[in-house]
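Okay, here's what each chain looks like letter by letter:
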Amino acid sequence: MSTRLTTGQAVIRFLAAQHSERDGEERRFFAGCFGIFGHGNVAGLGQALLEHADDFPYYMARNEQAMVHTASGYARMNDRLSTFACTTSIGPGATNMVTGAALATINRLPVLLLPGDIFATRRANPVLQELEDARSYDVSVNDCFKPVSKYWDRINRPEQLPSALLAAMRVLTDPAETGAVTLALPQDVQAEAYDWPDELFARRVWRVPRPVPEPAALRDAAAVLGAAERPLIVAGGGVIYSRATGDLRAFAEQTGIPVAETQAGKGALPWDHPCAAGAIGATGTTAANALARDADVVIGIGTRYSDFTTASHSLFAGPSVRFVNINVARPDAVKLAGIPVVADAREAVRALGTALGSHVVPAAYRERVRELTGRWNAVVDEAFGGRHAGPPAQAEIIGIVNAESGPRDVVVCAAGSMPGDLHKLWRTRDPEGYHVEYGYSCMGYEIAGGLGVKMAAPDREVFVLVGDGSYLMMAQELATAVAEGVKLIVVLVQNHGYASIGNLSESVGAQRFGTRYRARTATGLDGDLLPVDLAANAASLGADVLRAEDAGTFRDALRKAITSPRTTVVHVETDPLVPAPGSEAWWDVPVAEVSALRPTAQARARYDDDRKTQRRHL
């Protein structure tokens, strides 16, 4: 039996029938479709979404990049078991999604992108917004998606669609391969009718696997760990996605091994658990980093060992340190010459706990963990307390939000200096309570990603922390939140410039050049502060706005925002020159090797010294 539909109608009908399943729990894989319509998709996917409005919801976005961020936030909050599709017209609508695709792929988050494309028949070429590449008329701007997609295809004939859709679902539901998937849909093919086999639209359930560790690899890992005196667990995002936090907690309590957390893995343990060492790496705590420097065995669970986690390969300094890497993706499991345990995080942690039996780390080591974390917690208490004149420091703002939020509430951030401060300072109480996008660290993710988080978890308050730089990049999805009645609490930190890059610029001897929002004078961008009113901008997008002048009024405004049913922006000025506590770790950002500027030459000398601490771990 067959049903005659357009290609666009067939795509939406197929997506509506897809489900994921893990541990016996089934759910719809696609919660709907975000889109912005133009000539390249309005008659195809646009018309199809209208026909399926009752069983496949459509959400209007304001920016194409932002809607991919929203889908990514939703997917992450759902542990990658559910996501959105995103559709655009051809041309700039499509290329606007490339940044979002890169973010999804780098963070291993499933998102389906459906950009319109030029005519497959070429009967009207060159069409509006066509690249018209003279080397091949088969090239369009959608080829830009190839390097940032885990699967890419162009549907030039309706007959090609079934295999492409099945391949897309295979990748989207594979925890080791997932990321952005792009199906480029020529606008004429979208509207073309075809007789589709009814089997294509049958309810389909994609089981998300939990691969178990190979016995030999498990034995090797247990032998190395059983001989360790100063082991350290590095918990990454894989712990959260596999819902292994309870098993990790039991394993840590069984063995006494401390747990440090990457940005994606923060929340793997409650912040006050006796085995919780806190954030690790360039934005980590002094406690976790001290343990990392002395560790003789590092157990990486679900981490890809980014340069921030390893402090650019300078952190794990033990002369004979060894690595055991538990990861569902083999390329990550073999990093740092570690023993690869290619498996689901939950299954591997359970198996490793059984293999170790009654093994416990030495009492003196457990006491050192308590001592180091106690010192760090005192440092955080002081940073949260403020105690300086003028506008509040960013750390003080973070402390107030942390104190006023509930145990299950979620903090969302992505770029600037706040992700680093949040990583080391935020006291996470719930595995899903910390949502910082730091794989791509994309300015503009915050509000759009927060929208996706709230759509995935409407019973939690979502606190979006965003600096003025990121806000100016992309704030439009405030209008989407208002239109959909999705409440966000947006803390808009105004420090009149790129504070994070300003600090970095100073550290490399570039004297904060080009990082302040100032009017131009005869000597450069060093005039008065720009008269930009971001609070008024937020109000113009439909959000309620509260202004705070100091820590006290900020706390009052935040409490009012929490009780409000509407999206509320709390605008607060902060002092960008009051730093958060340091991590005692390094990040490799090259410094000019020669310069006539004294600060640059001094920075290069420091850089050359720091590079001596790097190790290859071969």
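A few points on the structure. Everything numeric in this text was worked out from a predicted model, so none of it was measured.

Mapped onto the elements of the fold, Asp-468 is located in helix α19 (residues 468–473). Here Asp-468 is buried and forms no salt bridge, its nearest opposite-charge partner Arg-518 lying at an N-O distance of 10 Å. Within the local environment of Asp-468, its side chain forms a polar contact with the backbone nitrogen of Asn-495, the two atoms lying 3.5 Å apart. Every residue in contact with Asp-468, bar those within four places of it in the chain, is listed here: Leu-492, Val-493, Gln-494, Asn-495, His-496, Gly-497, Tyr-517 and Leu-534.

On to the pairing of strand β4 (residues 30–35), then. The element β4 is largely enclosed, with a buried count of five among its six residues. One ladder, built from four bridges, connects β4 with strand β6 (residues 83–88); its direction is parallel. Paired with Cys-33 across the two strands is Ala-85, which belongs to β6. In terms of strand pairing, β4 meets strand β5 (residues 58–60) through three bridges, oriented parallel. In the strand pairing of β5, Cys-33 is matched with Tyr-58. Taken together, β4, helix α2 (residues 42–51) and β5 form a β-α-β motif whose crossover is right-handed.

The way to describe two aromatic rings as a pair is by their centre distance and the angle between their planes. On inspection of all chains with the given rule, the structure shows 12 aromatic pairs. Each ring, one from Phe-29 and one from Phe-30, has its centre 5.1 Å from the other, and the planes form 90°; the classification is edge-to-face. Of the residues examined, Phe-29 reaches a relative accessible area of 0% and is grouped as buried. A ring pair is formed by Tyr-74 and Phe-84, whose centres lie 4.8 Å apart and whose planes are at 70°; its orientation type is edge-to-face. With Tyr-74 in helix α3 (residues 64–77) and Phe-84 in strand β6, this residue pair connects regions lying 10 residues apart in the sequence. The pair formed by Tyr-74 and Phe-84 is uniform in burial state, with each residue classed as buried. Three or more aromatic residues link up through ring pairs in this structure, and these residues are Phe-34, Tyr-59, Tyr-74 and Phe-84. Across the ring face of Trp-152, the terminal group of Lys-146 is positioned such that the distance to the ring centre comes to 4.5 Å. Over the ring of Trp-271 we find Arg-427, and its NZ or CZ is 4.3 Å from the ring centre.

A few words on the sheet that holds strand β13 (residues 259–261). Within the open sheet, the six strands sit side by side as β14-β13-β12-β15-β16-β17. Their pairing is parallel. Unpaired on one side and paired on the other, β14 (276–279) and β17 (339–342) mark the two borders of the sheet. For this sheet, the mean inter-axis angle between neighbouring strands, taken without regard to orientation, is 20°. For strand β12 (residues 231–235) and β13, the ladder comprises three bridges, and the chain directions are parallel. The partner of Val-234 across the bridge, within β13, is Ala-260.

To continue, consider the sheet that holds strand β20 (residues 462–467). The six strands are arranged β19-β18-β20-β21-β23-β22 in an open sheet whose pairing can be described as parallel. Because the sheet does not close on itself, it has two edges, and the strands there are β19 (434–436) and β22 (544–548). The mean angle between the axes of side-by-side strands here comes to 20°, regardless of whether they run parallel or antiparallel. Judged from the three bridges that link them, strand β18 (residues 410–413) and β20 form a sheet pairing that is parallel. Bridge assignment links Val-410 to a residue of β20, and that residue is Val-462.

Turning next to the environment of Asp-575. With respect to the secondary-structure elements, Asp-575 resides in the loop between β23 (568–573) and α24 (598–611). Taking the C-alpha atoms as reference points, Asp-575 and Ala-539, 36 residues apart in sequence, are found 24 Å from one another. In this view, Asp-575 contacts Pro-391, Pro-392 and Ala-393; residues no more than four positions away in its chain are not counted.

Attention now goes to helix α17 (residues 418–425). Counting buried residues along α17, eight of its eight residues qualify, which places the element largely inside the surrounding structure. By the burial criterion, the buried members of α17 are Met-418, Pro-419, Gly-420, Asp-421, Leu-422, His-423, Lys-424 and Leu-425.

To continue, consider the pattern of salt bridges. This model, assessed by the stated rule, comprises 38 salt bridges. With a closest N to O distance of 3.8 Å, Lys-150 and Glu-177 form a salt bridge. Here Glu-177 lies in the loop between α6 (161–172) and β9 (180–186) and Lys-150 lies in the loop between β7 (111–117) and β8 (151–154), a separation of 27 residues in the sequence. A relative accessible area of 37% places Lys-150 in the partly exposed class. Ionic contacts of the salt-bridge type, sharing partners, join the residues Asp-23, Arg-210, Asp-344, Arg-346 and Glu-347 into one network.

Here the focus is the layout of surface pockets. Approximately 770 Å³ is the volume found for the second largest pocket. Taken together, 49 residues line the second largest pocket, and the ones lying closest to its centre are Gly-237, Gly-238, Tyr-241, Ala-264 and Gly-302. Counting only elements with at least two residues in the lining of the second largest pocket, the list comes to α9 (237–241) and α12 (307–310). Here the residues of the lining of the second largest pocket are counted per class, giving 21 nonpolar, 18 polar and 10 charged.

Rules used throughout
- Residues numbered from 1 in each chain as written.
- Predicted model: local features only at pLDDT ≥ 70, side-chain atom pairs only at ≥ 80, totals over all residues.
- Heavy atoms only, no water.
- Helix = DSSP H or I, 4+ residues; strand = E, 2+ residues; numbered from the N terminus.
- Buried < 20%, exposed > 50% of the residue type's maximum accessible area, 1.4 Å probe, protein only.
- Lys, Arg positive; Asp, Glu negative; His and termini not counted.
- Salt bridge = Lys/Arg side-chain N within 4 Å of Asp/Glu carboxyl O.
- Polar contact = N/O pair within 3.5 Å; in protein donor to acceptor, adjacent residues only side chain to side chain.
- Contact = heavy atoms within 4.5 Å.
- Pairing = 2+ DSSP bridges.
- Right-handed = clockwise from strand over helix to strand, strands pointing away.
- Phe/Tyr/Trp six-rings, centres within 6.5 Å; stacked < 30°, edge-to-face > 60°.
- Lys NZ or Arg CZ within 6 Å of the ring centre and 35° of its normal.
- Axes fitted to C-alpha atoms, helices over the stretch in contact; angles between N-to-C directions.
- 1 Å grid on protein atoms, 1.4 Å probe; cavity = no way out; pocket = protein on both sides within 12 Å on 5 of 7 lines; lining within 4 Å.
- Points joined across faces, edges and corners; volume = space filled by probe spheres on them.
- Nonpolar A, V, L, I, M, F, W, Y, C, P; charged D, E, K, R; others polar.

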